[in-house]
Amino acid sequence: MSGEDAAEETAPSVDDVTTAVDNLEVSSSGSKEFPNQPFLAEMHQKRSATHSKLRAYEAKRRSAYESKLQSSSLYWRAFRTLMHDSLLETQKADALLRGWTHASESYESSMRSVGEWCIDEKGVPVTDAKKKKKMLDSNDASAVAGCIGLDVSKTFLATVGFTAEEKCGSMIKSLAKSASSVANQYSGMIKTMNNEVLPELSSLLEHLKNEVAVMEKLGDSIMHELETAEEEVCSAWLAYYNKAMEFSGSSASEIKAKQAGARVGAIVDPNSVVHGCTDVWVDEMRYRMAVAFLSSIWEKCSSELSKLFLSMKDAECNRRNRIKELLIKATQRQERLWLGLPGVVNPILKDLIEWPMERKIVEDDVQSSIRARAQSIQRDEAEHKKADDSKVKAAGLTGVNEKDGNFELSSPLVSDLLSKAKVIEKRGTGLMSTWKVTLAIVTEDSFLQLFDLPSSCKLTPGSAPEVAFQNLIPPIVVPTLEKIKGGVKIPSAKTWFDNLAPTESYALTNCTVSIKDVTAKDANSFELVEALSSKMMARTRKMQFRAVTREEAVDF
């Protein structure tokens, strides 16, 4: 199921959205929902403002991107029809000249048989080699029989025994000679076609087939990547929006409990687990990064599409030039053959020679052809398109003022839903556990999110969190002509977020923190214990952390 389908199935009604937004909004004094909690009131006011801005941004982004994607898709489909028609045109030219050559071969063979007097009683030239030999032998025998006065009235017309004078008669001799001359002329034309024209045309057709297949695969891959990236943004938005709505639907007491944070020095009570803890920042972070990924992949894919379109134009110009040369060569050879029929050949040759082939004219012609095809596709789709297909259907975007979305999304690390971010070390409680550098993030929803850094990352504790976060982002790979030809498998956009999922997540509401004494060996380390609920029995999990200094450990 695509991101749009999921959005349509789970999107709340307009009334639900309005109620949810009202729940997110708080008074500036914070006295209504949290009369004695000015900090929580301020936090919820920021959350409401951020949520409203993101809704406006997503609405504007979808509207703009839908237009860009439709334009690129329309242009690409027009290119595809042009490529297929170019291939069809080349196939027709190849079939035409091959059929023409085959007809010439048949005519040459028939005229040669006529010149050799190999004609049956119905006046049909005999072209089969065995039958021709038998008939030639019969002709010689009939000639002898005629000379000696035998009855030859039942023999073939071509085997009538003429006297030596009659056989050498000027009319019959000239007719037979002309037939043989015509056969020789056709033989020369056939040789030219088989040796110079048809192999070149066949090679051009085969090359064009390969080029069309590669370009089609590349273009389809690029469009698929763009559509998949958009689906991921829609999916990330839906996840964030549902999480935000779930949070806003909680009562003030539930929100206070969820955001209580870890209790320093308190005893862990597995039976007092706070249920329903939700971290909106993780989903907001995925949405922001999905938009960032979409922007990056759009820039790279647009570049590859431009290269593809230029490559296609060059291929089409070269194809038309080569087709022109081969058709002129074939027609000129026919002109030599049909010199006695100028009225048939000259108009064709004149049109071919006057066919404008300047680069600018050809490119304009190709561009006009693509534009006309795109308009035709657009009209056809408009006739079958449903009335409500163009409407924006996505969770929480109804009734949004798109002008409020005129801004660029910043890094997730500066989100109002994030409280603190540090690059520190962590270690499990196992005997073989070792210290590992990790990116630790504390969110406003009282969650501790840990991101393991890739093995290639050489960061140390205390490094900038933004640098560490950048190391979680993989390089963007988009389809290119070289990769398609080389058979390189293009990774899907769906795997782009693999490293952006937290390795471990702790609900601080259910955790206790204990820091070692200042005189201890690792005075700058502390331990986090989380109570976990289970149907069978209560249990806990532990994790040790170590900062660069004790002050940083206490601060964190």
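Just so you know, the residues in each chain are numbered from 1, in the order the chain's sequence is written. Only residues with pLDDT of 70 or above have their local features reported here, since the model is predicted, and side-chain atom pairs are shown and tallied only from 80 upward, although totals for entire chains, interfaces and linings are computed over all residues. The side-chain quantities take in all heavy atoms of the structure and omit both hydrogens and water.

## Quick look at the pattern of salt bridges
Salt bridges are defined by distance alone: a side-chain nitrogen of Lys or Arg within 4 Å of a carboxyl oxygen of Asp or Glu. Inspection of the entire model under this criterion finds 30 salt bridges. Arg-322 is paired through a salt bridge with Glu-325; the nearest N and O atoms lie 2.5 Å apart. Residue Arg-322 and its partner Glu-325 are located together in helix α8 (residues 280-337), separated by three residues, close to a single helical turn. When its relative accessible area of 44% is taken as the criterion, Glu-325 is described as partly exposed. Within the structure, one salt-bridge network assembled from shared partners comprises Glu-89, Glu-316, Arg-319, Arg-320 and Asp-365. Working definition: helices are DSSP H or I runs of at least four residues, strands are E runs of at least two. Numbering for both runs from the N terminus. Exposure classes here rest on a 1.4 Å probe applied to the protein chains alone. A residue is buried below 20% of its type maximum, exposed above 50%, and partly exposed in between.

## Concerning the environment of Met-43
Within the secondary structure, Met-43 is located in helix α3 (residues 38-115). For the pair Met-43 and Asp-416, spaced 373 residues apart in sequence, the C-alpha to C-alpha distance is 8.2 Å.

## Here's the deal with the nonpolar core
In globular proteins that are soluble, nonpolar side chains generally tend to be buried together. Among the nonpolar cores identified, the biggest contains 80 residues, and Leu-226, Tyr-287 and Leu-439 are the most heavily contacted of them. Those elements giving two or more residues to this core turn out to be α3, α6 (170-248), α8, α10 (359-384), β2 (418-427), β3 (436-443) and α11 (465-471). Among the elements that line this core, the one with the most residues is α6, at 19 residues. We call two residues contacting when some pair of their heavy atoms lies within 4.5 Å. Among residues more than four places away in sequence, those in contact with Leu-439 are Lys-422, Val-423, Gln-449, Leu-450, Phe-451, Leu-453, Pro-465, Ala-468, Phe-469 and Leu-472. The next biggest cluster of nonpolar side chains, apart from the first, holds 15 residues, and it includes Leu-450, Leu-508, Cys-511 and Ala-547. Residue types Ala, Val, Leu, Ile, Met, Phe, Trp, Tyr and Cys, when buried and joined through side-chain atoms within 4.5 Å, form a set referred to as a nonpolar core.

## Describing empty space enclosed by the protein
Grid spacing is 1 Å over the protein atoms alone, the probe is 1.4 Å, and a cavity is where that probe fits but cannot get out, while a pocket is an open set with protein on both sides within 12 Å along at least five of seven lines and lining residues have an atom within 4 Å of a point. Grid points are joined across faces, edges and corners, and a volume is the space filled by probe spheres set on the points. On inspection of all chains with the given rule, the structure shows one cavity of 30 Å³ or more. Reported here for the largest cavity is a volume of approximately 60 Å³. Around the largest cavity, the lining comprises 10 residues; the ones closest to its centre are Arg-47, His-51, Tyr-240, Val-280 and Leu-417. Of all the secondary-structure elements, those providing two or more residues to the lining of the largest cavity are α3, α6 and α8.

## Thoughts on the packing of aromatic side chains
For Phe, Tyr and Trp, rings pair up if their centres lie within 6.5 Å, where Trp contributes its six-membered ring, and each pair is then called stacked (planes under 30 degrees apart), edge-to-face (over 60) or tilted (otherwise). Evaluated as defined, the whole model comprises 11 aromatic pairs. Seen in terms of ring centroids, Phe-79 and Phe-309 are 4.3 Å apart; in terms of plane orientation they differ by 15°. Their pairing is stacked. Here Phe-79, found in helix α3, pairs with Phe-309, found in helix α8; they are 230 residues apart in sequence, far enough to count as distant. Here Tyr-240 and Tyr-287 contribute two aromatic rings whose centre-to-centre distance is 6.5 Å and whose plane-to-plane angle is 20°, an arrangement assigned as stacked. Here Tyr-240, found in helix α6, pairs with Tyr-287, found in helix α8; they are 47 residues apart in sequence, far enough to count as distant. Accessibility expressed as a relative area gives 0% for Tyr-287, which makes it buried. Members of the aromatic cluster, joined through ring pairs, are Trp-237, Tyr-240, Tyr-241 and Tyr-287.

## A look at the side chain of Arg-61
Structurally, the position occupied by Arg-61 is in helix α3. Overall, the relative accessible area of 9% leaves Arg-61 in the buried class. Distance and chemistry together define a polar contact, namely a pair of N or O atoms within 3.5 Å, with one atom able to donate a hydrogen and the other to accept it when in protein, and with adjacent residues in sequence counting only for side-chain atoms on both sides. Engagement of the side chain of Arg-61 in a polar contact is seen with the side chain of Glu-230, the distance being 2.8 Å. Not counting residues within four places of it along the chain, the set of residues in contact with Arg-61 comprises Glu-230, Val-233, Cys-234, Val-291 and Leu-294.

## With respect to the confidence of the model for the protein chain
Scored by pLDDT, the protein chain comes out at a mean of 79, with 77% of its residues at no less than 70. This model gives residues 1-31 a pLDDT under 50, and the stretch forms 48 contacts once residues within four places in sequence are excluded. pLDDT is defined as a per-residue confidence score from the predictor, taking values between 0 and 100. A low-confidence stretch, residues 144-170 stays under pLDDT 50, and its non-local contacts, those more than four residues away or across chains, total 20 contacts.

## Here we look at the side chain of Ser-221
Counting through the fold element by element, Ser-221 comes out in helix α6. A polar contact of 2.7 Å, which involves the side chain of Ser-221, links it to the backbone oxygen of Lys-217. Look past the residues within four positions of Ser-221 in its chain and what remains in contact with it is Pro-479 and Ile-484.

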